[in-house]
Each structure stands twice: as C-alpha cells, then as structure tokens.
Amino acid sequence: MSEKKELQIKFHDNKYAEGELINRQLDGYRGIWYMNQPLDNKYKYKYSGGLATYTAKHNPFAIYREEVNKTFFTYGGTDQENSTLLHMVSYYDHQTGKVSKPTLVLDKKTTDAHDNPVMAIDEDGYIYIFSTSHGTSRPSYISKSKVPYDISAFEKIEATKIEEGERVPMTNFSYMQSWYQPGRGFVNFFTRYGYPADRTICFMTSPDGESWSEWKRIAAIKKGHYQISALGDGVAGSAFNFHPDTEEKRGLNWRTNLYYVESRDFGENWQAADGTPLELPLTDIENPSLVHDYYSKDLNVYMKDITYDRQGRPVIMYITSEGYESGPDNDPRTWRTARWDGEEWIIRDITTSDNNYDMGSLFIEEDGTWRIIAPTETGPQSYNPGGEVAMWLSEDQGQSWSKERQLTRGSDFNHTYVRRPINAHPDFYGFWADGHGRQPSKSNLYFSNKEGEVFQLPEHMEQEMEEPLRVE
C-alpha cells in the first residue's frame, strides 16, 4: 500500500463510528492488518502485522462444543482493501474436516484491531459475540445467534448494567474476556478507560448475557493495567501488570510488575493466591496480590496467557524485556511462567524471542503435560511481532522445556497471536493469523492440530463447506 493509504488507515483508527449489524456470508477468510505507533527505525512500528486474533487481552476466540462436534471461532476480518474491521464468525466441523463460509456479523467501521471481537457460548448453544472498543470513543456491542449452534444470523442484545442502584444501558467496554459457567452464567473481565485510571481493569457477571451486574473495579494502580484472565474449577482469576506514572516512565509503554487475584464465589469476594483477602480496587504498587517485582529491575512485563493446573492452581505466561521499542536494543525478550505451587510462586524461563508482542498459548493437559504453541522462532520480518510457530513441551511443570516441533518455516509473513480454544479439540488446537511485519499486506488465517500439523483457512471459497489447505 502507498504512504497515503497508510495515513488513511491511521486516521481511520481514531474516528468515532457506530457499528452496523450485517449477517451476511463472505466467500473466504481475510484477516485485518493493523499497526500501532510508528518508529523512526527499520522496524517501522511498535507493533504491526496480521492481527485478526489480537490482543492477548481479548479472549476467547474459539470454543469447541462436543454436542455438535464443532469448533466455533471468531476473528477480526476485513475487505480486499483493509478499509474496515469486520467481526467474523465461523466453525470447523470435526466430522467432515471442513470449515464453513464465515459470517460477517458486524462492520465495526474502524481499522483498529483493538476492536476485535471475542465469543462465548451458553449452555443452550447460543453464540455471543462481544464487539469491543479501543477506549470510549466508539460504542461496543453484544450480539447473540438467533438459533443455537447456528452462525447464519445474529441479533443485537440491548445489554444493561447496574449503576448506582439503577439499571442503565451498557454501551462501552474494552479488552473483553468472557467465560461462561453452566448453571451460573457469564464471568467477564474487561477494561474501562478513565475509571479512574487510564486503563482500569474490571469484572462483571450476568445470568443471561443481557442483564449485567454492577461493575467491580479490580485495580487502578497509577496509570492502570493490562489483564489476562481464566475460569477454573470453582475459581475465576486475573493476572495483570501496571503502568507507572513517573516523569521518566509514564503510561502504557512502561508496563511492569506481575499481579494475580482470584474469586471463588462468582466475584463477591477476592483474594490473593495464598488466600489473603483483598479490598478492591487495588491502588498501591505494593499489595498482597504481587507475584513478582519487576519494577525495581527496570523490566517491562507483557501478559500472554493464564490457565489452571490439575490442582486448580494458576499458571501465568508472560514476556519480560528492557523496553517497548522494536529491535535488538531491548533484548532479551524472555518468555516466563509463574506457577503457584500452593505455598509460593515458582518462576521459570522458557525461551527467548525477538518482539514484545510475540504471543502464544499455554496448554496444561490432563496427563500433566505443559504445551506451548507460539511464534518463538525468528520470522521473515525479524524483530517485528510474531515469526515462525513452534511447539514446546514440559513434563516437569515448566522447570525445563524442549522444542518438540517447528510448525511453520519459510513463510513470507510473520505468524502472530496463537490462541487456545476453550475445551480445545485435538484436531483444532491453535488458531492464528499472519501478515507482513513492516508494511500493510493481506493476512491469512491458520489452525493447527495437537500434533503440530498446520492448515490454512481458504482465502476464496466456492462451496458452503470446504477443506482447509494443509501447509507443508
């Protein structure tokens, strides 16, 4: 694309726009290309690329349902010109090995991948698409499938929340993470800008996806936070960093420290991993939820994934680095896990990669195996987000790791943001996109099975259902 086109895309990110419900099939899979914060070096941007499954703070993008033997997934799509963000939904049929033509649910009328959708599926099979917004300048939406396990048509939910004892419309949320608990309803973590911190992390619940509880602020330390969350057996938890507000380091580019909080009663009460009760919102840098102090070590912390082990204890995956800018000056970018063993946090290194926004997923399997699928290997655009995807295994709870297999190689573009489906089926285990790391490009979508075989979703489709293309 020309420089003029890039400028149009940048401007388009910031404008106010109301989304349009569309409900129309498209003839193939095209992911959104997006960039953020230009840099004066050869790496061009703080981060950029094919970001259809971005951000790490959006979740989930895919869900397997045994009742229909399908993995449903959502992603940020676009048109041929990359001129708008389209909220897409589709499914992989495990019986036939084919994918459906994707449904365009909503045109978000921006090119900002921070507005990417996430999904949830309730116990009756209704599919919910949460259309997020980057800050408060655009409205957010919740759409629900008209028929269970059917992606052909969605309707907008007139969602409400409780505010000062009154029920009011809920029209804005950022970085949504939605978890459904059968018999109880939705457990959602999200961000509200200026509430009062620049990025205040919050929590809410709903029995039906329409009537939501009062928002509970989790933390508002200094300039705010980025959080990732998970739902375990009887526990909902959040891991997060914080943004300092000093003269030297101020705002989101300087994110540091690692914290963890959890609730075991659907959000009524909150505690640290060791059971210490917490009064929310947290507002002090030093507090009982602190997992590790990276602030004093002058290290940035980038949140990647969180899950629970077989004992119901949290395991957090994240990257540390010396600064926000792309390039070798801020090496090493160290992948780490923090595991609560019942008495203390055990922190281990995994590997290193070349960008803060390299992002993958951590799987803790029934036999105790820890598996990571992530773009840890250098890609064609080195030191830009993503790279070549590899699979890592640990049989000793993260104490040591082995690279089991490299899933992609010789790629034209960097592969980015590998996502773990909820209840992941072995045939559809990781889900991601690709794109050029330094200039606008087309973006394809991919998934892998548990063994590490990779499949590309069809860029163009003639039939209603088609087999994905095996990537050799």
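What comes next is a walk through the structure.

Here is what the cut-offs are and how they apply
Residue positions within a chain follow its written sequence, with the count starting from 1. In keeping with the model being predicted, local features are shown solely for residues with a pLDDT of at least 70 and side-chain atom pairs are shown and tallied solely at 80 or more, while totals for entire chains, interfaces and linings include all residues. No hydrogens and no water enter the side-chain calculation; it runs on all heavy atoms of the structure. A strand pair is defined by DSSP finding two or more bridges across the two strands. A run of H or I in DSSP becomes a helix once it reaches four residues, and a run of E becomes a strand once it reaches two; helices and strands are each numbered from the N terminus. All axes here are fitted lines through C-alpha atoms, helices being fitted over the stretch that makes contact, and every angle between N-to-C directions spans 0 to 180 degrees. Between rings of Phe, Tyr and Trp, where Trp is taken as its six-membered ring, a pair exists when centres lie within 6.5 Å; planes separated by under 30 degrees are stacked, by over 60 edge-to-face, and by other angles tilted. Three labels apply to residues, based on accessible area from a 1.4 Å probe with only protein chains included: buried if under 20% of the type maximum, exposed if over 50%, partly exposed otherwise in between. In our convention, an over-ring charge means Lys NZ or Arg CZ found within 6 Å of a ring centre and within 35 degrees of that ring's normal.

### Let's talk about the sheet that holds strand S17 (residues 199-206)
- A sheet is described by the order of its strands in space; here four strands give the open sequence S15-S16-S17-S18, paired in antiparallel fashion. Both edges of this open sheet fall to strand S15 (174-181) and strand S18 (216-219), since each of them pairs with a single strand only. Neighbour to neighbour, the strand axes of the sheet diverge by 25 degrees on average, direction disregarded.
- Sheet topology note: the S15/strand S16 (residues 185-193) ladder contains six bridges and is antiparallel. Bridged to Gln177 within S16 is Phe189.

### Some thoughts on the packing of aromatic side chains
- Under the defined criterion, the tally for this structure stands at 42 aromatic pairs.
- Seen from their ring centres, Phe189 and Trp270 are 6.2 Å apart, and the 85 degrees between their planes marks the pair as edge-to-face. Placement of Phe189 in strand S16 and of Trp270 in strand S22 (residues 270-271) is noted, with a sequence separation of 81 residues between them. The same class applies to Phe189 as to Trp270, namely buried.
- Aromatic side chains Tyr260 and Trp345 sit 5.7 Å apart centroid to centroid with 70 degrees between the ring planes, which places their arrangement in the edge-to-face category. Note that Tyr260 is positioned in strand S21 (residues 256-263) and Trp345 in strand S28 (residues 345-353), a separation of 85 residues in sequence.
- Tyr260 sits in the buried class, given a relative accessible area of 1%.
- Linked through ring pairs, Tyr29, Phe73, Tyr75, Tyr92, Phe428, Phe431, Phe447 and Phe455 together constitute an aromatic cluster.
- Cation over ring: Lys144 sits above Tyr126, and NZ or CZ is 4.4 Å from the ring centre.

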